[in-house]
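A look at the structure
One-letter residues, chain by chain:
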Amino acid sequence: MSAILELLSLLARLITAGVFLFAAYDKVWDPANFAASVATYDMLPLWAVHAVSVSLAWLEMLVGTLLLLGLLTRAAALWACALLVFFTGLMIYAGITGAGFDCGCFPGGGEAAAHQAGFETAIRDIIFLVPATFTVLRPGRWLRLGGDRA
Amino acid sequence: MNPIPELKRQLKPMALILACALGLGWLFNLVMPQGLGWLPPAVSHPLWQPIARDQALAQIKNGAMLIDARPAGDYAQARVRGALKLPQDEIAKLYPLMQPLIAQAPTVVVYGQTTSRFPAATVAQHLRAQGHAQVFVVEGCLETLEQSGFPIQRPRRGAAS
C-alpha cells in the first residue's frame, strides 16, 4: 500500500513538474513574447507588465525544477497550486468577458490561439490542480534530493 | 498533517522560492540579449513627442495625418473619424504600402493606448525611425479621446474595414 502511495506521489510530482517546465521554457527564453501575452489581458499597468511577466516565467521554471528534483517539494507544490488557482480564476474571467485571444500558458499559441483563454482552459487548469494538490498533501520520498519532514 | 501550522512552516521556503525567481529573472534580463527593460524601448527611449489632446485636435484641423495603432479588430469597431489603420502587429506588412501616403503629411498624430499596452508609441517609434520628422503621440484610450472632443466613427456591422 505504501509503495503504491509512493508511486502515486512520484507520478503527481513529476506530472506537475513537467507541466510547469513545459509552460515556463518558452516564457523564459522569449520574454518579449510572454510579456505581450500578459499585456493582452490588460490587467496590469504598462510599467508592471515586463517585471511581472519575467518574474512569473522564472517562478514557474523554478517551481518545475524544484518539483523535478524533489527539493523544497511541499513549498514548490504550494506555489504550483497557488499559481494554478490564479490561472483558473484568470481563465474564468477571460471566459466571462469573452476574450478570444491565446492564453499564453503554453508554447504553440500566438495568432493560431491554440490555447484560447476561457472556460475550457480553466477546466484544464483545474485538472492540473489535482496532481499539484496531491503533492502538497503527500510529497512522497522516492527520487527526491531533499526531504520536507512530511 | 495539521494544515495551518504546516502552511505557516512552508511560508519561509515559499518566500525563498519567490526571492530566487525574482533574482534569476532580474539576472537573466541583465545578462541575456533577449532580456527586457522595465518598459518597452518605444516608451523608455521615445523618438516621438507626446502631444496634449487639444493640441492634437488643432494639428488634425491643420492637416495632420491621424493614425490608429490599435489592433485591426478594435479599429473595425470604432475609431476616430478619418484615422488610418496601422496596427502595431501589422506594421511590417502595412507600412511599405502606406509610406508614400504618410510621407505627404507634414505632421503625423498616432493614437492607441490601453492599461497594459501602448501600440501608439511603437508605431510612432517606427515612423520616426523611418525618417518621418513630425510624429506625435496622443495618450489615452478611445473613450478618453471621445470625451476630449475627437469625433468617433462606429461603422455599422459588416461595413467596417
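Treat the numbers as computed from the prediction; the structure is a model and nothing was measured.

1. Quick word on the overall build of chain B
Regarding its fold elements, chain B presents 7 helices and 7 strands. When the helices and strands of chain B are listed from N to C terminus, the series reads α-α-β-α-β-α-β-β-α-β-α-β-α-β. Its C-alpha atoms give chain B a radius of gyration of 22 Å, clearly above 15 Å, the size a compact globule of 161 residues would have. Projected onto the principal axes, the alpha-carbon positions of chain B cover approximately 70 × 35 × 30 Å. Counting every position in chain B, which comprises 161 residues, the buried fraction comes to 39%. Long-range pairs, those at least 24 residues apart, make up 66% of the contacts in chain B with a sequence separation of at least 6. Entry remark: accessible area of chain B is about 9,100 Å², with carbon and sulfur atoms responsible for 58%. Here chain B contributes 15 positively and 9 negatively charged side chains, and the mean placements of these two sets differ by 2 Å.

2. A short note on a nonpolar patch on the surface
A cluster of nonpolar side chains, Ile4(A), Leu7(A), Leu8(A), Leu11(A), Ile15(A), Trp142(A) and Leu143(A), forms an exposed patch at the surface whose accessible area comes to about 690 Å². When you line up the elements, Leu8(A) lands in helix 1 (residues 2-29).

3. A look at the environment of Ala83(B)
Residues and elements named next belong to chain B. Mapped onto the elements, Ala 83 comes out in the loop between strand 3 (79-80) and strand 4 (84-85). Along the backbone, Ala 83 and Ala 129 are 46 residues apart, and their C-alpha atoms lie at a distance of 21 Å. Setting aside residues no more than four positions away along its own chain, Ala 83 makes contact with Leu 66, Asp 68, Tyr 75 and Tyr 111.

4. As for the sheet that holds strand 4 of chain B
Residue and element names in this part refer to chain B. Taking strand neighbours across the sheet as the criterion, the 5 strands line up as 1-6-5-2-4 in an open arrangement whose pairing is parallel. The sheet is open, and its two borders are formed by strand 1 (49-51) and strand 4, each paired with just one other strand. Where strand 1 meets strand 6 (residues 135-138), 3 bridges bridge the pair, whose relative direction is parallel. Bridge pairing links Gln 49 to Phe 136 in strand 6. Against the sheet, helix 3 (residues 53-61) makes contact with strand 1, strand 2 (65-68), strand 5 (108-111) and strand 6, and its axis sits at roughly 95° relative to strand 1, the strand it touches most.

5. Points about the interface of chain B and chain A
Opposite the 30 residues of chain B that make contact, chain A presents 33 residues. Carbon and sulfur atoms make up 72% of the surface buried where chain B meets chain A, a total of about 2,800 Å² over both sides. Between the two partners, chain B and chain A, sit 2 salt bridges. In this structure, the salt-bridge partner of Glu6(B) is Arg74(A), at a minimum N-O distance of 3.1 Å. Between the two partners, chain B and chain A, sit 12 residue pairs in polar contact (both at pLDDT 80 or more). It is helix 1 (residues 3-31) of chain B that contributes the most residues to the side of chain B that touches chain A, 16 residues altogether. When its residues are assigned to classes, the side of chain B that touches chain A shows 19 nonpolar, 8 polar and 3 charged.

What counts, and where the lines are drawn
- Along each chain, the written sequence defines residue order, and numbers are assigned to residues from 1.
- Key to labels: chains lettered from A, ligands numbered from 1, both in the order written.
- Reporting in this predicted model follows two pLDDT cut-offs: at least 70 for local features of residues, and 80 or more for side-chain atom pairs to be given and counted; totals over whole chains, interfaces and linings ignore these cut-offs and use all residues.
- Remark: hydrogens and water are excluded; side-chain values derive from all non-hydrogen atoms of the structure.
- Put simply, DSSP H or I for four residues or longer makes a helix, DSSP E for two residues or longer makes a strand, and each gets a number counted from the N terminus.
- Radius of gyration here uses only the C-alpha atoms, and the compact-globule reference equals 2.2 Å multiplied by the residue count raised to the power 0.38.
- Three labels apply to residues, based on accessible area from a 1.4 Å probe with only protein chains included: buried if under 20% of the type maximum, exposed if over 50%, partly exposed otherwise in between.
- Whether two residues are in contact is decided by their heavy atoms: any pair within 4.5 Å suffices.
- Note on areas: Shrake-Rupley with a 1.4 Å probe; residue coverage comes only from the protein chains shown.
- Only four residue types enter the tally: Lys and Arg on the positive side, Asp and Glu on the negative side, with His and both chain ends excluded.
- For charged residues, the charge sits on one atom: NZ in Lys, CZ in Arg, CG in Asp, CD in Glu.
- Patch membership requires more than 30% relative accessible area and the absence of a salt bridge. Residues of like charge join within 9 Å; the nonpolar side chains Val, Leu, Ile, Met, Phe, Trp and Tyr join within 5 Å.
- A side-chain nitrogen of Lys or Arg and a carboxyl oxygen of Asp or Glu constitute a salt bridge if their distance falls within 4 Å.
- Strands are labelled as partners when DSSP assigns at least two bridges between them.
- Axis lines are fitted through C-alpha atoms, for helices just across the contact stretch, and the angle between N-to-C directions can take any value from 0 to 180 degrees.
- Note on terms: buried area is the combined drop in 1.4 Å-probe accessible area of two parts once they are placed together, counting the loss on both.
- Between N or O atoms, a polar contact is any pair within 3.5 Å; within protein, one atom must be a potential hydrogen donor and the other a potential acceptor, and residues adjacent in sequence are included only when both atoms are from side chains.
- Under the scheme applied, nonpolar residues are Ala, Val, Leu, Ile, Met, Phe, Trp, Tyr, Cys and Pro; charged residues are Asp, Glu, Lys and Arg; polar residues are all the others, including Gly.

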